[in-house]
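Descriptive structure summary
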Amino acid sequence: MRQNAKDILINKAISLFNAGQIKQCLKESLRVRKKFPEEPFIYNLLGVLYAHNESYEDSIKNYSKALKLNPNYFEAYNNIGVAYTSWKKINKAIEFFDKAIKINPSYAEAYNNKGNALKEKGEHQLAAECYKESINLDPNFTDAITNLGIIWDLMNDFIKSERYFRQALTQDPRNTSTLYNLANCLFNARQYNKSIEVCEKIIDLDRSFYHAYNRIGICHIQLENEEKARDFFEESIKIKSDYSEGLTNYGFALQKLKNYSLAAIQFEKVLSIDPDSEKAFVNLTKVYFDDGRLLKAIEVARQGLLSRPNNIPILKNLISSLILLNRLDEASLACNKILSINKDDAEAINVMGTIYEKQGFYDQAKNEFMRALQFDKDLVGAKINIATLHQ
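Bear in mind that the values here come from a model prediction, so they are computed numbers and not experimental data. (Residues numbered from 1 in each chain as written. Predicted model: local features only at pLDDT ≥ 70, side-chain atom pairs only at ≥ 80, totals over all residues. Heavy atoms only, no water.)

Considering the pattern of salt bridges
Scanning the entire structure with this criterion turns up 22 salt bridges. Residue Glu28 is joined to Lys12 by a salt bridge in which the shortest nitrogen-to-oxygen separation is 3.7 Å. Pair noted here: Glu28 is in helix H2 (residues 22-35) and Lys12 is in helix H1 (residues 5-18), with a separation of 16 residues, a long-range link. Glu123 is the partner of Lys121 in a salt bridge, and the nearest nitrogen-oxygen pair spans 3.4 Å. You can call Lys121 partly exposed: its relative accessible area is 39%. Each of Lys12, Glu28 and Arg31 takes part in a single network of salt bridges with overlapping partners. (Salt bridge = Lys/Arg side-chain N within 4 Å of Asp/Glu carboxyl O. Helix = DSSP H or I, 4+ residues; strand = E, 2+ residues; numbered from the N terminus. Buried < 20%, exposed > 50% of the residue type's maximum accessible area, 1.4 Å probe, protein only.)

Observations regarding the packing of H2 against helix H3 (residues 40-52)
Closest axis-to-axis distance for the H2/H3 pair is 10 Å, and the angle between their directions is 150°. Accordingly, the angle class assigned to the pair H2 and H3 is roughly antiparallel. Both H2 and H3 take part in a crossing whose hand is left-handed. Judged by residue contacts, Ile22, Cys25, Leu26, Ser29, Leu30, Val32 and Arg33 of H2 engage Ile42, Tyr43, Leu45, Leu46, Leu49, Tyr50 and His52 from H3. Residue classes in the contact of H2 with H3 are distributed as eleven nonpolar, two polar and one charged. (Axes fitted to C-alpha atoms, helices over the stretch in contact; angles between N-to-C directions. Parallel < 35°, antiparallel > 145°, perpendicular 65-115°, else oblique. Left-handed = near helix turned anticlockwise from the far one by under 90°. Contact = heavy atoms within 4.5 Å. Nonpolar A, V, L, I, M, F, W, Y, C, P; charged D, E, K, R; others polar.)

A short note on the packing of helix H16 (residues 260-273) against helix H17 (residues 278-290)
Orientation of H16 relative to H17, taken along the N-to-C sense of each, is 160°, at an axis distance of 9 Å. Between H16 and H17, the angle falls in the class roughly antiparallel. Considering how the two elements wind past one another, H16 and H17 form a crossing that is left-handed. Every residue of H17 that contacts H16 at Tyr260, Ala263, Ala264, Phe267, Glu268, Val270 and Leu271 is listed here: Ala280, Phe281, Asn283, Leu284, Val287, Tyr288 and Asp290. Split by residue class, the contact of H16 with H17 holds eleven nonpolar, one polar and two charged.

Side note on the layout of surface pockets
Its volume calculated, the largest pocket comes out at about 200 Å³. Along the walls of the largest pocket sit 14 residues, with Asn79, Val82, Ala83, Ser86 and Asn113 positioned nearest its centre. With six residues, helix H5 (residues 74-86) is the single largest residue contributor to the lining of the largest pocket. Looking at the lining of the largest pocket, its residues break down into seven nonpolar, six polar and one charged. (1 Å grid on protein atoms, 1.4 Å probe; cavity = no way out; pocket = protein on both sides within 12 Å on 5 of 7 lines; lining within 4 Å. Points joined across faces, edges and corners; volume = space filled by probe spheres on them.)

Structure representation (structure tokens):
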């Protein structure tokens, strides 16, 4: 059957979209809208294109126009929900997914997308129910199967998680994203060697998949193979030099191997990429402390505390350096800061006891050591401090 002019133009726009030519598709779609302003499909397509460019307001305006022209356009309701999810307006997203499902109760994609929104809210069990319903409606819906694997992983049911990832892989065995989800699941289940095997498959399929090198490195850290870990972290940042997680883990492995100077360089690189990286400040203060560069450790800790004054790990690293330099009044102030944030912090209470001991206040020191054990009866440091107090 011969196509009319409108269909020809719409099909041309769809072909451009499928080819990934987003700019050209947007230009063509605007031309179609101008020529055929009562066509709901073109408004829906424009909504998809604007969402692709993260222009969510324009996206939703076009989806809404499609719905004015066709109130039963369930795909447009679903797409509005996707836009709101990306925009982090989760309750609005769920509202529109429910509207799509009300019009078309067998719409598997809307159930899957509703599951994604519920996952964002942290409602994992409800998300799992949505994914299950999506799979019931479409047993071959790989995205929903994979998402169910992810949600079981988040709920620490690693057996179910692995099962769904492997089910998804029967449909698409070369899908590196699904393989990576499986590797993460196996890692979380402490099956480190199996996680490594899956990551090696990923690398065979895509040697530029830097996350897989990083995951192998993390597995080797858990297996106490620090040198192997170091090598894989190094590979990950060779592929992507500004990969913060890879740089952080590379620095951590180097620190474990007592290569403090090179470790510090990695954490400094992370801060050059992300000046507000809390983890980098914690790691850098620790590595300077381990390297005996106490003044530098204090400098970095105070720099980190400027933007996060209540960060307990940085405060604890600061205190360690201050005590070794016998700057006890400053250490005491930092320790009291921790206890104002968490009065039950056994480690901080124990350190307060150490400060009192160094100041010659032995009774107060003993009281703090005993108090620390009230909050953590297995705190080895406090037990040793009591045993060796003023001997």
